[in-house]
Amino acid sequence: MSMQELKGKVAVITGAGSGLGRELAKLCAAEQMKLVLADVDVNGLEETLALVSEAEAITRRCDVSKRSELDALASAAYEAFGQANLLFNNAGVAASGPVWSSTPEEWEWVMGVNLMGVVHGIQAFVPRMLKQGEAAHIVNTGSLAGLTSVPGSGVYCVSKHGVVTLSECLHHDLQGASADIGVSVLCPAFFATGIGESERNRPAELSASNPDGEAYAEFVRAAIAAGRLSAADIARITIESVKANRFYILPHKGARVSVESRMRDILEDKLPTNPVA
Ligand SMILES: NC(=O)c1ccc[n+]([C@@H]2O[C@H](COP(=O)([O-])OP(=O)(O)OC[C@H]3O[C@@H](n4cnc5c(N)ncnc54)[C@H](O)[C@@H]3O)[C@@H](O)[C@H]2O)c1
């Protein structure tokens, strides 16, 4: 896999209008990549575009929960630049509250963006990448919540566990096809971005929230604000990991302990340890 040199290659970033997606865009621009920036938040996209003015870039409004919009994004990327080498399936949202009072709308919203958004990105881009004759790499933004189980985050954790196993299966399938396409799954702990205000881009028809969610949402917002690494740090570690073709990217070193204790709980037949206690 030859993604050590990114100069001149094409990066596609979903959720590029804020937080991690914006920092990835800035770093890809610094690597002299061409950029395809996508988000539902067109104002956020314009702000990101202004920060990467040195790069050749296009922006597209794209709701990742809709397969047709990812197909349109892939068409726009290939029309503009003829290839896509580094795809960040990064758009994501969070919802909080106990599993028993989570709403059907919350499941549809969070699973639609966080999990189906990644599925749609893979399905829209991989067939084109397989034909393009140039190496490619896909980074799916999972979370430490995809490797552990966090109280008050059932809907989010289910979506992110889905992203982790989807990424592992994608790796196997690409290996089986001898494809020159690498995969990484990014699993950070909390870091400061707009994710605590995910509601800002929530569709009105899916607005019914968990009535018992607020206390958990407050905990999440505090944990995000207290995050030790910045979004820029996470982006830097991610780009380094792509160049080194690392599959699992866990930027927070301390997070490994909670992954290990979950595995121990499973193998030693214990009750699940609370990773945020
Ligand atoms: N911040 C954290 O603590 C943290 C920790 C682990 C994983 N993550 C993951 O990082 C990724 C990036 O989130 P962030 O923390 O930068 O948050 P953010 O809210 O700053 O950025 C997320 C972006 O996704 C966009 N988005 C929302 N719904 C969309 C949709 N349907 N289609 C397209 N774009 C959409 C938003 O408009 C926003 O610009 C997410 O997948 C998130 O789950 C974040």
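Just above sits the structure.
Here the structure is a predicted model, which is why all the values come from computation and not from measurement.

Some points on the overall build of the protein chain
Part 1: Scanning the protein chain from N- to C-terminus turns up eight helices and seven strands.
Part 2: The C-alpha radius of gyration computed for the protein chain amounts to 18 Å, which stays within 12% of the reference 19 Å derived for 277 residues, consistent with globular compactness.
Part 3: With the principal axes as the frame, the protein chain shows a C-alpha extent of 50 × 40 × 30 Å.
Part 4: For the protein chain, with 277 residues in total, the buried portion stands at 52%.
Part 5: Pairs at least 24 apart in sequence give 71% of the contacts found in the protein chain among residues at least 6 apart.
Part 6: When the accessible surface of the protein chain is totalled, it reaches about 12500 Å², and 54% of it is carbon and sulfur.
Part 7: Mean positive and mean negative side-chain charge positions of the protein chain (24 and 32 charges, respectively) differ by 5 Å.

Points about the pairing of strand 1 (residues 10-14)
Part 1: The element strand 1 is extensively covered by neighbouring structure, given that five of its five residues are classed as buried.
Part 2: A two-sided burial pattern is seen for strand 1, the buried positions comprising V10, V12 and T14 on one face and A11 and I13 on the other.
Part 3: Across five bridges, the pairing between strand 1 and strand 2 (residues 34-39) is parallel. Its bridge partner being in strand 2, I13 is matched across the sheet by L37.
Part 4: In this fold, the crossover linking strand 1 to strand 2 by way of helix 1 (residues 19-30) has right-handed handedness.
Part 5: Note that strand 1 and strand 4 (residues 86-89) share three bridges and pair parallel. Directly across from V12, in strand 4, lies its bridge partner L87.

Focus: the site of the ligand
Part 1: Not every one of the 31 residues close to the ligand is listed here, only the nearest: S18, D39, Y156, T193 and N201.
Part 2: Interatomic distance of 2.8 Å between a backbone N/O atom of L20 and an oxygen atom of the ligand.
Part 3: One of the backbone nitrogen or oxygen atoms of C62 is found 3.3 Å away from a nitrogen atom of the ligand.
Part 4: In the complex, 97% of the free accessible area of the ligand, which totals 830 Å², lies under the protein chains.
Part 5: Among the elements of the structure, helix 1 and helix 5 (154-176) are those that each provide at least two residues to the shell around the ligand.

Observations concerning the sheet that holds strand 2
Part 1: Overall, parallel pairing links the seven strands, which are arranged 3-2-1-4-5-6-7 in an open sheet. Only two strands of the sheet have a single partner each, and these edge strands are strand 3 (57-61) and strand 7 (248-249).
Part 2: Of the strand pairs in this sheet, strand 4 and strand 5 (residues 136-141) are connected by four bridges, and their pairing is parallel. Each bridged residue has a counterpart across the sheet, and for F88 the counterpart in strand 5 is V139.
Part 3: Docked against the sheet, helix 2 (residues 42-51) engages strand 2 and strand 3, running at close to 170° with respect to strand 3.
Part 4: Running over the sheet, helix 3 (residues 67-81) touches strand 1, strand 2 and strand 3 and is turned about 165° from strand 3.

Each value, and the rule that gives it
- Residues numbered from 1 in each chain as written.
- Predicted model: local features only at pLDDT ≥ 70, side-chain atom pairs only at ≥ 80, totals over all residues.
- Heavy atoms only, no water.
- Helix = DSSP H or I, 4+ residues; strand = E, 2+ residues; numbered from the N terminus.
- Rg over C-alpha atoms; globule rule 2.2 N^0.38 Å.
- Buried < 20%, exposed > 50% of the residue type's maximum accessible area, 1.4 Å probe, protein only.
- Contact = heavy atoms within 4.5 Å.
- Areas by Shrake-Rupley, 256 points an atom, 1.4 Å probe, with all protein chains shown as cover.
- Lys, Arg positive; Asp, Glu negative; His and termini not counted.
- Charge placed at Lys NZ, Arg CZ, Asp CG, Glu CD.
- Pairing = 2+ DSSP bridges.
- Right-handed = clockwise from strand over helix to strand, strands pointing away.
- Near = heavy atom within 4 Å.
- Polar contact = N/O pair within 3.5 Å; in protein donor to acceptor, adjacent residues only side chain to side chain.
- Axes fitted to C-alpha atoms, helices over the stretch in contact; angles between N-to-C directions.

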